Every structure is written in C-alpha cells, then in structure tokens.
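# Structural overview
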Amino acid sequence: MNITTYLTEEEIANAATAEIIEAVRRNPKTVLGLSTGNSPMRVYEMLIQDHKTNGTSYKDVITFNLDEYVGLDGASEQSYRYFMDKFLFKHIDIEPTNTHVPSGIGNLTENCESYEKLIKAVGGIDIQLIGIGTNGHIAFNEPGTPFDSKTHIAVLSIETIAANSKYFESEEAIPKQAVSMGIQSIMDAKRIIMVAFGKSKAKPIAGMVNGPITTALPASILQKHPNVSVLLDKEAASLL
Ligand code: GLP
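For the structure given in this document, a descriptive report is provided here. Note that this is a predicted model, so its numbers are computed, not measured.

## Looking at the sheet that holds strand β7 (residues 152-155)
Whenever strands of a sheet pair, they do so through backbone hydrogen bonds, lying parallel or antiparallel. Reading across the sheet, the 3 strands line up as β4-β8-β7 and stay open at both edges, with antiparallel pairing between neighbours. In the strand order of this sheet, the two ends are held by β4 (67-69) and β7, each with one partner. Shown here is a sheet whose adjacent strand axes are inclined to one another by a mean of 30°, direction ignored.

Structure representation (structure tokens):
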C-alpha cells in the first residue's frame with residue numbers, strides 16, 4: 001500500500017485527477033471504476049475542468065460505478081446514477097451507454113450477474129477510485145462481507161444508514177439495501193486509488209493500514225492488493 005498524506009483535500013484531488021487524466025490520455029479506452037459520496041466530488045470537478053480547458057476526451061472511456069441503492073432509479077435525485085450524471089457524465093464527452101451504474105430496480109439477482117459479466121467482457125477495471133466508510137466499508141461492503149464477494153445485494157449497516165441519511169429527508173427514507181460490487185470485484189481492479197479526508201476517516205484508515213486483515217474492517221483486504229495508493233489529508237492520517 002502506497003500512502004501519501006497531503007495538506008488539503010484540494011491536493012488529494014489534484015493527485016488523483018492527474019493520474020486519471022494521464023491514464024485516459026495514454027489509453028483512450030481506459031476502464032474507470034468510479035464512486036459516489038463526498039470524497040470523489042472534487043476529483044470530478046477537476047476532471048470536468050480539464051476536459052473543458054485541455055480537451056481530454058472520454059469518448060471511448062468505459063466506467064463502472066461501485067453501487068446503487070435498491071429501489072431508486074436514475075430519476076431519483078438520491079440515486080447514484082443521478083449523482084454521476086449530474087456531477088460528471090453530463091459535463092464530459094463520454095458516451096452515456098459506456099457509463100455503467102448497477103441497477104437497483106428490476107430483477108436484482110440478474111442485475112448483479114450481468115454487471116459482473118459486463119466488467120469481465122471489457123477486460124476488467126483499469127483504475128478504481130474509491131472512498132471509505134466510517135466503519136471501514138468499501139462500496140457497500142459492510143463489516144462481515146466475505147472477501148470473495150462479487151456484485152451482490154448488500155444490507156446497509158446502522159452506521160452507514162446514519163452517515164448517509166443526510167442525503168435523504170429522514171433515516172426512514174434511505175433505502176436499507178444496495179446493489180454493490182463485491183470485495184473481490186474491487187480487488188480485481190488493476191489499480192486502486194483511495195481518497196479519504198477528515199477526522200471521521202482516521203479510525204477506519206488506521207485499521208485498514210495497520211490492523212489485521214479482517215472482514216470486520218472490509219478495507220483491510222486492500223493490504224493484499226499489489227497496486228493501491230491511499231491519498232489522505234492530515235486528519236484522515238492522524239492515527240497512523
Ligand atoms: C457510501 C458509498 C461508499 C463511499 C462512502 C463514503 O456508503 N457507498 O462508496 O466510499 O459512502 O462516503 P463519503 O465519501 O461521502 O464519506
């Protein structure tokens with residue numbers, strides 16, 4: 001695991017953005033794994049800015065998002081599909097059909113299987129951008145999720161419901177399940193970039209980096225990935 005501590009969120013985003021842009025320029029058919037939440041927001045803003053200023057093209061780029069809430073379709077403002085369209089896809093020249101977010105509606109078991117097949121069919125994910133939950137989850141792989149899990153229906157933990165309910169009207173309104181790439185699906189990415197900032201991430205980051213590899217802290221499995229960079233600010237790195 002390659003850990004770098006930066007002074008600000010801005011510097012973290014700069015580093016992640018620079019790597020993604022370089023990869024896309026080197027290989028216009030790069031397969032990107034993307035995530036939602038607060039952590040990657042600035043990266044998306046910077047990618048858009050670069051696209052507009054320098055013309056980096058995403059015409060042949062393919063993306064796969066980590067997860068989606070069960071029961072929400074892309075018209076719902078809280079869905080991750082809506083988030084990705086609003087904060088990234090609409091502003092760059094990517095083909096909408098090349099952007100994949102798991103579907104949280106319809107036949108969920110089939111959705112999970114076809115998502116895995118689709119990732120395989122394009123040769124796997126080149127760079128996966130991820131954040132970390134306050135309990136050490138990655139995507140919606142909560143503590144206890146098997147390390148060999150593939151895309152599946154995940155049940156949100158009480159902690160995650162509390163942390164993510166700020167995006168919903170109430171805790172009752174937040175879906176309690178999600179379709180999520182599994183831990184194995186994430187580990188299969190050729191390269192992983194984790195971005196984390198703020199003091200709420202200090203504990204899970206310390207466990208992920210220095211703790212035992214345990215399903216109790218899903219992100220700890222990243223210790224076994226051969227090509228992970230973790231980009232932190234001082235607060236997120238404060239317990240290392
Ligand atoms: C959600 C997402 C994760 C994300 C996490 C942290 O639960 N499923 O993919 O990493 O939240 O979100 P944030 O970046 O807002 O702290």
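Past the structure itself, the notes keep going.
## Regarding the side chain of Thr151
Among the secondary structure elements, Thr151 is positioned in the loop between β6 (127-130) and β7. Take Thr151: its relative accessible area is 9%, and that puts it in the buried class. Within the local environment of Thr151, its side chain forms a polar contact with the side chain of Glu116, the two groups lying 2.7 Å apart. Beyond its immediate chain neighbours, meaning those up to four positions away, Thr151 contacts Cys112, Tyr115, Glu116, Val179, Ser180, Met181, Gly182 and Ser185.

## Points about the site of the ligand
In the neighbourhood of the ligand, 14 residues make up the surrounding shell, with Asn38, Ser39, Asp67, His137 and Lys201 lying closest. At 2.7 Å from an oxygen atom of the ligand is found a main-chain nitrogen or oxygen belonging to Asn38. In this structure, His137 approaches the ligand through a side-chain N or O atom, which is 2.9 Å from an oxygen atom. Contact with the protein chains removes 92% of the 390 Å² of surface that the ligand exposes when unbound.

## Quick look at the environment of Ala237
Mapped onto the secondary structure, Ala237 falls in the segment after β10 (228-233). For the pair Ala237 and Lys199, spaced 38 residues apart in sequence, the C-alpha separation works out to 8.3 Å.

## Remarks on the environment of Ala236
Among the structural elements, Ala236 can be located in the segment after β10. Residue Ala236 is classed as buried on the basis of its relative accessible area, which comes to 0%. Along the chain, Ala236 and Lys201 lie 35 residues apart, while their C-alpha atoms are 5.0 Å from each other. Not counting residues within four places of it along the chain, the set of residues in contact with Ala236 comprises Ala196, Phe197, Gly198, Lys201, Ala202 and Ile205.

## A look at the packing of helix α1 (residues 9-26) against helix α2 (residues 41-54)
The interhelical angle for the contact between α1 and α2, taken along N-to-C directions, is 50°, at an axis separation of 9 Å. What the angle tells us is that α1 and α2 run oblique. For α1 against α2, the interelement crossing comes out right-handed. The residues of α2 that touch α1, namely those facing Glu9, Glu10, Ala13, Asn14, Ala16, Thr17, Ile20, Ile21 and Arg25, are Arg42, Val43, Met46, Leu47, Asp50 and Asn54.

## Section: the pattern of salt bridges
As enumerated under the stated definition, the model contains 8 salt bridges in all. Between Glu22 and Arg26 there is a salt bridge, and its shortest N-O distance comes to 3.4 Å. Highlighted residues: Glu22 and Arg26, both in helix α1, separated by 4 residues, approximately one helical turn. A salt bridge links Arg42 to Glu45, with the shortest nitrogen-to-oxygen separation between them at 2.6 Å. Here Arg42 pairs with Glu45, and both are found in helix α2, just 3 residues apart, close to one helical turn. The class of Glu45 is partly exposed, set by a relative accessible area of 40%. What you see here is one network of salt bridges that share partners, running through Glu10, Arg42 and Glu45.

Rules of the game
- The numbers attached to residues start from 1 for each chain and follow its sequence in the written order.
- Reporting of local features is limited, given that this is a predicted model, to residues whose pLDDT is at least 70; pairs of side-chain atoms are given and counted only at 80 or more, and all residues count toward the totals for whole chains, interfaces and linings.
- To get the side-chain values, all heavy atoms of the structure are used, and hydrogens and water are removed first.
- Two strands are said to pair when DSSP picks up at least two bridges between them.
- A helix here means a DSSP run of H or I that spans at least four residues, while a strand means a run of E at least two residues long, and both kinds are numbered starting from the N terminus.
- Angles here are taken between N-to-C directions and fall from 0 to 180 degrees, while the axes themselves are lines fitted to C-alpha atoms, restricted in helices to the stretch in contact.
- A 1.4 Å probe rolled over the protein chains alone gives each residue an accessible area, and that area as a share of the maximum for its type sets the label: buried under 20%, exposed over 50%, partly exposed in between.
- Polar contacts, as counted here, are pairs of nitrogen or oxygen atoms within 3.5 Å of one another; within protein the pair requires one atom able to donate a hydrogen and one able to accept it, and residues that are adjacent in sequence qualify only if both atoms are side-chain atoms.
- Here, residues are in contact when the closest pair of their heavy atoms is within 4.5 Å.
- By convention in this text, a residue qualifies as near a molecule or strand provided that one of its non-hydrogen atoms is within 4 Å of it.
- Reported accessibility uses the Shrake-Rupley method at a 1.4 Å probe radius. Residues are deemed covered only where the shown protein chains occlude them.
- Working definition: roughly parallel below 35 degrees, roughly antiparallel above 145 degrees, roughly perpendicular at 65 to 115 degrees, and oblique for all remaining angles.
- Crossing handedness: left-handed means the near helix sits turned counterclockwise from the far one by under a right angle, and right-handed means the same turn made clockwise.
- Salt bridge criterion: a side-chain nitrogen from Lys or Arg within 4 Å of a carboxyl oxygen from Asp or Glu.

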